[in-house]
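Spelled out, the chains give:
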Amino acid sequence: MKRLVALALLISTAVAGPATAAPAVQARLDVRLDPTTRELAGQGTWLLPPGRAWQIVLDERHGVQRFTIDGRTAEVPARSGHGLRNWSLDAAPRERRIEVHWRGRLEPIDGRIDHRSVLTSVAPIAGPNGAFLPAASYWHPVVRDAALSYRIAVTAPSPHLGVAPGALLSERAGAGGRTRTYAFEQPDAAIDLMVGPYVVGEREHRSVDGRRIALRTLLHPEIAERSAGDLDAIERYLRLYERWIGPYPFDTFSLVSSPVPTGFGMPTLAYLGVDVLRLPFIRDTSLGHEVLHNWWGHGVRPDYARGNWAEGLTTFMADYTYQERAGPAAARDARTGWLRNFASIGDAADEPLVRFTSRTHGVEQVVGYQKAAMVFAMLRDLVGEAAFDHAIREFWREHRGGVAGWDDLRAAFEAASQRDLRAWLAQWLERPGGPDLRLAAAATEPEGPGWRTRVTITQASPPYRLRVPVALAYAGGERTLHWIDVDGARTEAAFDVPRRPDRVVLDPEARVFRRLAPREAPPILRQAMLDPAAAIVLVTEGPVAEALARALVEGTPSRLEAKSAPPAGTLLVVGMAGDVEAYLERHSLPRRPPEIEARSPAATGWAWTTERTGAGPLAVVEARDDAALAALARPLPHHGRQSWIVFEGARAIARGTWPLRPQEIVLDRD
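In this text the structure is predicted, and so the values were computed from the model without any measurement.

Trainee: Any chance you could explain the overall build of the protein chain here in plain terms?
Mentor: When you go through the protein chain residue by residue, the secondary structure sums to 16 helices and 37 strands. Dimensions of the protein chain, computed from the C-alpha atoms along their principal axes, are close to 95 × 65 × 45 Å. Here the protein chain holds 670 residues, and 58% of them are scored as buried. Only carbon and sulfur atoms are counted for the fraction: they give 49% of the accessible area of the protein chain, which is about 27200 Å². Side chains of the protein chain give 81 positive and 80 negative charges; the mean places of these two sets differ by 3 Å.

This is the structure we're talking about:
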């Protein structure tokens, strides 16, 4: 549910918490939108409960033709220059009826827009291939601090169809195009609206509680053939999560394609870009993630004032669960990837989980999605799978349709496990970063008929309370796993085993969220993308290299001249292959690794990382010519988890990560 941070803030004021539910406002809207001309015209009525003051806001780019309060015309505020028109209404002893007519012209779709830009933009946009009006853009009048239930009729000229979250009540054709009417009774803060030249696929799913769930795909014609496979996948996900959690909370679910590279989850639907849907892994990963958000995020809404738990729980029960189903190795690789990603962000960019609300950049994804998901994985290890699943079902049963926070989740897990989890969970939610564990010492000696192996683990202060696994490795490749309860700066433990181990390995399966030791994790490309202290050198001058650097790096890293000495921190070098080679040689920096050199002779671009002695990692992005360099701008930002990748044009033809070097001690045989 990659909804915009502005919408998260909007919702956080609309539904402040379970104890103080926001007052419900009912609305009826009639909207006409032509994506080709980008013209929007709307009219609607809002019923405001009595007894309190209200504030209504609208994007000031829209003109207002009518604003009435109980049938009496009210003054339309002038443009404020701050982006919003604002009406303030005093408290009244009875219900008020507000009517607004407005119209405007949407921003054109920029064909160069990328996923990162979509995440940080809130402007409503339109073009011949469709339109997207985010709820956070105030494209319609929004009643602040209210929970909105609505009915909306959307008219668009053929072949376009309008889509909004909620149940489809009716569809009819007329002189102005096709009108589709939706109703959404579960209160939300505002309305997302999508329009496109959609081909519709439909199917009915029977819920575990006997209800009929309408499933639909609304896809652009060029990808409409995928409808049956997508509907099959949606049904699989619904069956999985209804068994695991409880009945699906709505009466419909739709997969809607977007003309821009979006990846948004909304109540009752997922809105994914045409090019995103073409990615081979989307049906088996991201689609399930967005289906699950109808339980976590929409079915139970996070109390954003106390942190967004929904992304972490959804990542654990969707993305990570699919890896577990693929096998232990895939699950271990997922956990290892989270730790490597966390190692790629500096301490200055990190924040406690309770401060995470939504994702607008990669650092927030590492913390709010991946760190939180690993907290749930560790929680399951701690309480056991049966108690974990029972807590999930009870949490859903108690909070369905409402707002809940981390404390409510903790209460559910405490009741299911009969454990006090307050201190354990607080360390993961309220502290930034993670434990910095070291395998400080290990020794083994004969003891009776077997061997006693002693292990010492240290951690930085203030210490975490953890269960840390260590493996004893034996000749022939066998391993035994042992868990140590760690709660201080130094912990010693001993294990009696029947034969002599050769080595002791710390957390070999990556089951504990932690800061990897400096030599434990060779670099990945994401370190250069996310490190706010990274320096960038464009060894080839010109707009192509500059545009690629902007696409790769978040924030504003320091820019160095090619003749300057390389800094001690993270360094990113971008340019033509010949210029890169000359720069590396001039400054005695590592050359392109031989593993990459042996790849396809058709390669036109390379991105790779390596370590530097006594300095931060080096990341290099190089290509044969301007065209090859420009071709990297769209795909490369999505490959931050790789240590190296080879491209032919914009197509990745080889990739890999440098292997982890786990902390281990070889036991003395003397």
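Next, the rest of the story.
Trainee: Just checking my understanding: could you explain the environment of Ile536 for this structure?
Mentor: By the element assignment, Ile536 lies in strand β30 (residues 535-538). Residue classification places Ile536 among the buried residues on the basis of a relative accessible area of 5%. When the C-alpha atoms of Ile536 and Val455 are compared, they prove to be 43 Å apart, with 81 residues separating the residues in sequence. Beyond its immediate chain neighbours, meaning those up to four positions away, Ile536 contacts Ala549, Val553, Pro557, Ser558, Arg559, Leu560, Leu572 and Val574.

Trainee: Help me understand a positive patch on the surface, please; the structure alone is not making it clear to me.
Mentor: Together, Arg236, Arg239, Arg243 and Arg325 give the surface a local cluster of positive charge. By the secondary structure assignment, Arg243 is in helix α3 (residues 227-244).

Trainee: Looking at this structure, I do not really get the sheet that holds strand β21 (residues 269-273). What am I missing?
Mentor: By way of backbone hydrogen bonds, the strands of a sheet pair with one another, either parallel or antiparallel. Here five strands make up an open sheet; going across it, the order is β17-β18-β19-β21-β20 and the pairing mixed. Edge positions in the sheet fall to β17 (199-206) and β20 (263-266), since each has one partner strand and no second. Each neighbouring strand pair of the sheet contributes to a mean axis angle of 15°, computed without reference to strand direction. Sheet strands in contact with α3 are β17, β18 (212-219) and β19 (252-258), and its direction is about 30° off that of β17.

Trainee: Mind showing me how you'd approach the pairing of strand β12 (residues 147-156) here?
Mentor: Within a regular beta strand, the side chains point alternately toward one face of the sheet and then the other, so they alternate between its two faces. Within β12, nine of the 10 residues are buried, which leaves it mostly tucked inside the rest of the structure. Taken together, the nine bridges between strand β1 (residues 24-34) and β12 define a ladder with parallel strand orientation. Within β12, the residue paired with Val31 across the bridge is Val154. For β12 and strand β15 (residues 177-188), the ladder comprises eight bridges, and the chain directions are antiparallel. Bridge pairing links Thr155 to Thr179 in β15.

Trainee: Any chance you could explain the nonpolar core here in plain terms?
Mentor: A general trend in soluble globular proteins is that nonpolar side chains are found buried together. Within the largest apolar cluster, 150 residues are counted, with the highest numbers of intra-cluster contacts made by Trp46, Tyr241 and Trp296. With near-sequence residues (within four places) excluded, Tyr241 lies in contact with Gly246, Gly288, Leu292, Trp295, Met317, Ala318 and Tyr322. Ranked by size, the runner-up nonpolar core spans 24 residues in total, among them Ala545, Val553, Val574 and Ala628.

Trainee: Explanation requested: the layout of surface pockets in the structure shown.
Mentor: To find leftover empty space, a probe the size of one water molecule is rolled over the atoms. By volume, the second largest pocket is sized at about 610 Å³. Taken together, 26 residues form the lining of the second largest pocket, with Ala343, Pro518, Ala521, Gln527 and Pro617 sitting closest to its centre. At the level of secondary structure, the elements contributing two or more residues to the lining of the second largest pocket comprise α7 (328-343), β33 (605-612) and β34 (615-623). If you tally residues by element for the lining of the second largest pocket, the top one is β34, at three residues. For the lining of the second largest pocket, the class distribution of residues is 11 nonpolar, six polar and nine charged. Mapped onto the domain boundaries, the lining of the second largest pocket takes at least three residues apiece from domain 2 (306-430) and domain 4 (525-656).

Trainee: Looking at this model, I keep getting lost on the packing of α3 against helix α6 (residues 310-326). Mind explaining?
Mentor: Between two packed helices, what matters for the description is the angle formed by their axes and the separation of those axes. Packing of α3 against α6 leaves a shortest axis separation of 13 Å and a crossing angle of 100°. Taken as axis vectors, α3 and α6 run roughly perpendicular relative to one another. Listed contacts from α6 to Tyr237, Leu240, Tyr241 and Trp244 of α3 are Met317, Ala318, Thr321, Tyr322 and Arg325. Split into classes, the residues belonging to the contact of α3 with α6 amount to seven nonpolar, one polar and one charged.

Trainee: Quick question: what am I supposed to make of unusual backbone geometry here?
Mentor: Excluding glycine, residues mostly have negative phi values, and the peptide bonds linking residues are mostly trans. Here the bond from Ser158 into Pro159 is cis, since omega is 10°, no more than 30 degrees from zero. Mapped onto the secondary structure, Pro159 falls in the loop between β12 and β13 (161-163). With a phi close to 55°, Tyr138 is a non-glycine residue in the positive phi region. On the basis of relative accessibility, which here comes to 13%, the residue Tyr138 falls in the buried class. The backbone phi angle of Asp507 is positive, close to 45°, even though this residue is not glycine.

Trainee: When you look at the packing of helix α10 (residues 406-417) against helix α11 (residues 422-430) in this model, what are you seeing that I'm missing?
Mentor: Their axes nearest at 11 Å, the elements α10 and α11 cross at an angle of 145°. Our pair here, α10 against α11, has a crossing hand that is right-handed. Counting all contacts with α10, which are made through Trp406, Arg410 and Glu414, the residues of α11 involved are Arg422, Leu425 and Leu429.

Trainee: I tried to follow the pattern of salt bridges on my own but got confused; where do I start?
Mentor: It is possible for side chains of opposite charge to pair when their charged atoms get near one another. Counted by the stated rule, this structure contains 41 salt bridges. In this structure, Glu171 engages Arg180 in a salt bridge whose closest nitrogen and oxygen atoms are separated by 2.9 Å. Taking the shortest distance from any N to any O, the salt bridge between Arg306 and Asp303 comes out at 2.5 Å. Looking at Asp303, the relative accessible area reads 4%, which means it is buried. One network of salt bridges, with partners in common, ties together Asp303, Arg306, Asp407, Arg410 and Glu414.

Trainee: Help me understand the pairing of strand β26 (residues 466-473), please; the structure alone is not making it clear to me.
Mentor: When you tally the buried positions in β26, you get seven out of eight residues, the bulk of the element. Looking at chain direction, β26 and strand β27 (residues 479-486) are connected through eight bridges and run antiparallel. Directly across from Val468, in β27, lies its bridge partner Ile484. What sits between β26 and β27 in their antiparallel hairpin is a turn of five residues, with Gly476 showing a positive phi close to 95°. Alignment of β26 against strand β29 (residues 503-506), held across four bridges, turns out to be antiparallel. Residue pairing across strands places Ala471 opposite Val505, the latter belonging to β29.

Trainee: Even after reading the chapter, I still don't get helix α9 (residues 385-399), so can you show me in this structure?
Mentor: Between the first and last C-alpha of α9 there are 21 Å, a value that for 15 residues agrees with the 21 Å anticipated at 1.5 Å per step. Restricting attention to buried positions, one finds in α9 the residues Ala387, Phe388, Asp389, Ala391, Ile392, Phe395, Trp396 and His399. Gly401 sits one or two residues past α9 and shows a positive phi near 80°.

Here is what the cut-offs are and how they apply
Residues numbered from 1 in each chain as written. Predicted model: local features only at pLDDT ≥ 70, side-chain atom pairs only at ≥ 80, totals over all residues. Heavy atoms only, no water. Helix = DSSP H or I, 4+ residues; strand = E, 2+ residues; numbered from the N terminus. Buried < 20%, exposed > 50% of the residue type's maximum accessible area, 1.4 Å probe, protein only. Areas by Shrake-Rupley, 256 points an atom, 1.4 Å probe, with all protein chains shown as cover. Lys, Arg positive; Asp, Glu negative; His and termini not counted. Charge placed at Lys NZ, Arg CZ, Asp CG, Glu CD. Contact = heavy atoms within 4.5 Å. Patch = residues over 30% accessible without salt bridge, like charges linked within 9 Å, V, L, I, M, F, W, Y side chains within 5 Å. Salt bridge = Lys/Arg side-chain N within 4 Å of Asp/Glu carboxyl O. Pairing = 2+ DSSP bridges. Axes fitted to C-alpha atoms, helices over the stretch in contact; angles between N-to-C directions. Core = buried A, V, L, I, M, F, W, Y, C linked by side-chain atoms within 4.5 Å. 1 Å grid on protein atoms, 1.4 Å probe; cavity = no way out; pocket = protein on both sides within 12 Å on 5 of 7 lines; lining within 4 Å. Points joined across faces, edges and corners; volume = space filled by probe spheres on them. Nonpolar A, V, L, I, M, F, W, Y, C, P; charged D, E, K, R; others polar. Domains from an automatic or database assignment. Parallel < 35°, antiparallel > 145°, perpendicular 65-115°, else oblique. Left-handed = near helix turned anticlockwise from the far one by under 90°. Expected span 1.5 Å × (residues − 1).

Worth remembering: the numbers are spatial, not functional.
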